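Next come the chains, spelled out residue by residue.
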Amino acid sequence: MVLVPDEPTPDANEKLAHAATVRRLEQSSGKLAAAAIMRMDEQLPWYRAMPPENRSWIGLVAQAGIAAFTEWFRHPDTPQAISTDVFGTAPRELTRAITLRQTVEMVRTTIEVVESAVDELAVPGGEVALRNALLIYAREIAFATAQVYAQAAEARGAWDARLESLVVNAVVSGEADESDVSRAAALGWKAPEQVTVVLGNAPNGDSELTVEAIRRAARYAKLQVLTGVLGKRLVVIAGGSDDPVQAAKALIGPFASGPVVAGPLVGDLLGATRSAQAAAAGLRACAAWPDAPRPVLADDLLPERAMAGDPAARTLLVEEIYRPLQEAGSALLETLSVYLEQASSLEGAARMLFVHPNTVRYRLRRVTDVTGWPPSDVRSAFTLRIALMLGRLADEEASA
């Protein structure tokens, strides 16, 4: 029978030397932390520029790092939660106050201070062991730093996504208020003076990928956006363009097939509710105009929206077309009505009105000037016809 000798135990002298070095580390931790802070103040301009509160937190982190190293060196074979030990002393907000690069500089400075004192901290003969331990710990603290910032970025991203979804939902539902303006500002919304809301079908799949695709398109087009997927709809609040259709074209890539509708321009985020409601009404009514362009302006869908029961569209048609024509004189209303009834025939209208065709032509130009809708265009003629019908009905209701 062959006897296997026991594994040799560490030399008693090595144990005593290790324990003595640990005690020196413990006794010097305060002095090392102070030296690290002093070196940061000398070498790191961003540290000197920070408010006192943040500098004090950084001092605590440096001190916690040295204490954690001491404990780690005491039991090098025991797993240590370095990220909790070191960074748990500072509030989560500190990751917003200093960047990852600055944190790396802070950690490097602290490690350098400890490394420069190795000869004083280690008992004779223990310098190599302490230096090697410090190198391993420096690697671990680097991983811990990256993990803390990754977790903070992930938490911020999830929080920002929830915040953005709240703002978008409030705008679409008509419940936006000043608190939503503040939330948008926290997300980087810089309160552009011209805002439009674009609605369309959301693609299948991961909504986060769709949102990110919208953001990339917005950066390329130099637009500010707040976006989200609400049910089957993709909603984009876009700022920075004076042309809603052009803004929609720049962002149209991530939308699924089907109509894409841009609401009218409004002056701010609170006004975006009106743009969103117009776009939503247009999206519902798009089925009535199969040949509508993509994207299409919500106001170009006024007839379909009115027929679908949108009270805002009916009001716009009456107030922006019928009333101005009524105020411009009965001749314009009469000429337009007859012209439309005569299948857009100048000669037919002239015969019915007992005037020269040039008179009809002049009055129709005046209709275009007053309303912005040229009667000679088929689509505009349809819109004008619906506006006249709604205006007459409104007059009848008012006189009843």
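Conventions we followed
Residues numbered from 1 in each chain as written. Predicted model: local features only at pLDDT ≥ 70, side-chain atom pairs only at ≥ 80, totals over all residues. Heavy atoms only, no water. Helix = DSSP H or I, 4+ residues; strand = E, 2+ residues; numbered from the N terminus. Expected span 1.5 Å × (residues − 1). Buried < 20%, exposed > 50% of the residue type's maximum accessible area, 1.4 Å probe, protein only. Pairing = 2+ DSSP bridges. Salt bridge = Lys/Arg side-chain N within 4 Å of Asp/Glu carboxyl O. Core = buried A, V, L, I, M, F, W, Y, C linked by side-chain atoms within 4.5 Å. Contact = heavy atoms within 4.5 Å. pLDDT = per-residue confidence, 0-100. Axes fitted to C-alpha atoms, helices over the stretch in contact; angles between N-to-C directions. Patch = residues over 30% accessible without salt bridge, like charges linked within 9 Å, V, L, I, M, F, W, Y side chains within 5 Å. Areas by Shrake-Rupley, 256 points an atom, 1.4 Å probe, with all protein chains shown as cover. Lys, Arg positive; Asp, Glu negative; His and termini not counted. Charge placed at Lys NZ, Arg CZ, Asp CG, Glu CD. Polar contact = N/O pair within 3.5 Å; in protein donor to acceptor, adjacent residues only side chain to side chain.

- Under an unreviewed UniProt entry, the name given to the protein is PucR family transcriptional regulator, and the source organism is Streptomyces radicis.

## Digging into helix 12 (residues 272-285)
Right, on to step 1. With 14 residues, helix 12 should reach 20 Å at 1.5 Å per residue; the first-to-last C-alpha distance of 20 Å fits that figure.
Right, on to step 2. Among all positions of helix 12, only A272, T273, S275, A276, A278, A279, A280, A281, G282, L283 and A285 are buried.

## Side note on the pairing of strand 1 (residues 195-201)
Right, on to step 1. Where burial is concerned, most of strand 1 is hidden: 6 out of the 7 residues are buried.
Right, on to step 2. Sheet topology places strand 1 next to strand 3 (residues 233-239); 7 bridges connect them, and they run antiparallel. Across the sheet, the residue bridging to G200 is L234, located in strand 3.
Right, on to step 3. Summarising the sheet, strand 1 and strand 4 (residues 260-262) pair through 3 bridges and their orientation is antiparallel. Looking at strand 4, one finds that V198 is bridged to A262.

## As for the pattern of salt bridges
Right, on to step 1. Tallied over the entire structure, the rule returns 13 salt bridges.
Right, on to step 2. Across the pair R183 and D180 runs a salt bridge whose closest N-O atoms are separated by 2.9 Å. Of this pair, R183 and D180 both sit in helix 9 (residues 178-186), 3 residues apart, roughly one helical turn.
Right, on to step 3. What makes R183 partly exposed here is its relative accessible area of 29%.
Right, on to step 4. Note that R215 is salt-bridged to E212, the shortest N-O span being 3.8 Å. Pair noted here: R215 and E212 are both in helix 10 (residues 207-221), with a separation of 3 residues, about one helical turn.
Right, on to step 5. On the basis of relative accessibility, which here comes to 27%, the residue R215 falls in the partly exposed class.
Right, on to step 6. Three or more residues joined by partner-sharing salt bridges are found here, namely E164, E212, R215 and R219.

## Looking at the nonpolar core
Right, on to step 1. One finds M40, W46, I58, F69 and L130 to be the most contacted residues of the largest nonpolar core, which totals 33 residues.
Right, on to step 2. Of all the secondary structure elements, the ones that give two or more residues to this core are helix 1 (12-43), helix 2 (45-48), helix 3 (52-74), helix 6 (100-116), helix 7 (118-121) and helix 8 (127-173).
Right, on to step 3. Counting residues per element, this core draws most heavily on helix 3, at 8 residues.
Right, on to step 4. Residue contacts for W46: discarding those within four places in its chain leaves I58, I98, Q102, E105 and M106.

## Focus: the confidence of the model for the protein
Right, on to step 1. Looking at the protein, pLDDT values average 85 and 88% of them are 70 or higher.
Right, on to step 2. For the protein, the element scoring lowest by mean pLDDT is helix 4 (residues 82-87), at 53; strand 4 scores highest, at 97.

## A closer look at the sheet that holds strand 1
Right, on to step 1. With respect to topology, 5 strands assemble into an open sheet ordered 2-3-1-4-5, the strand pairing being mixed. Where the open sheet ends on each side, the last strands, each with one partner, are strand 2 (224-230) and strand 5 (296-297).
Right, on to step 2. Where helix 11 (residues 244-251) meets the sheet, it contacts strand 1, strand 2, strand 3, strand 4 and strand 5, and its direction lies at approximately 45° from that of strand 1.

## Description of a negative patch on the surface
Right, on to step 1. Together, E175, D177, E178 and D268 make up a region of like negative charge exposed at the surface.
Right, on to step 2. Relative to the assigned elements, D268 resides in the loop between strand 4 and helix 12.

## With respect to the pairing of strand 2
Right, on to step 1. Across 7 bridges, strand 2 lies against strand 3 in antiparallel orientation. If you follow T227 over to strand 3, its bridge partner there is V236.
Right, on to step 2. As consecutive antiparallel partners, strand 2 and strand 3 are separated by 2 residues, and within that stretch G231 has a phi angle of approximately 65°, a positive value.

## Some remarks on the side chain of S337
Right, on to step 1. If you trace the backbone, S337 turns up in helix 15 (residues 330-341).
Right, on to step 2. Residue S337 is classed as buried on the basis of its relative accessible area, which comes to 17%.
Right, on to step 3. Within the local environment of S337, its side chain forms a polar contact with the side chain of R392, the two groups lying 2.8 Å apart.

## A short note on helix 18 (residues 378-399)
Right, on to step 1. With 22 residues, helix 18 extends 32 Å between its outermost C-alpha atoms, agreeing within 8% with the 32 Å of an ideal straight helix rising 1.5 Å per residue.
Right, on to step 2. Listed in full, the buried residues belonging to helix 18 are R379, S380, A381, T383, L384, I386, A387, L388, L390 and G391.
Right, on to step 3. Where the residues of helix 18 are buried, they touch helix 13 (302-307), helix 14 (311-327), helix 15 and helix 17 (357-371).
Right, on to step 4. If you check the start of helix 18, you find a side-chain oxygen 3.1 Å away from the backbone N of R379, and it comes from D377.

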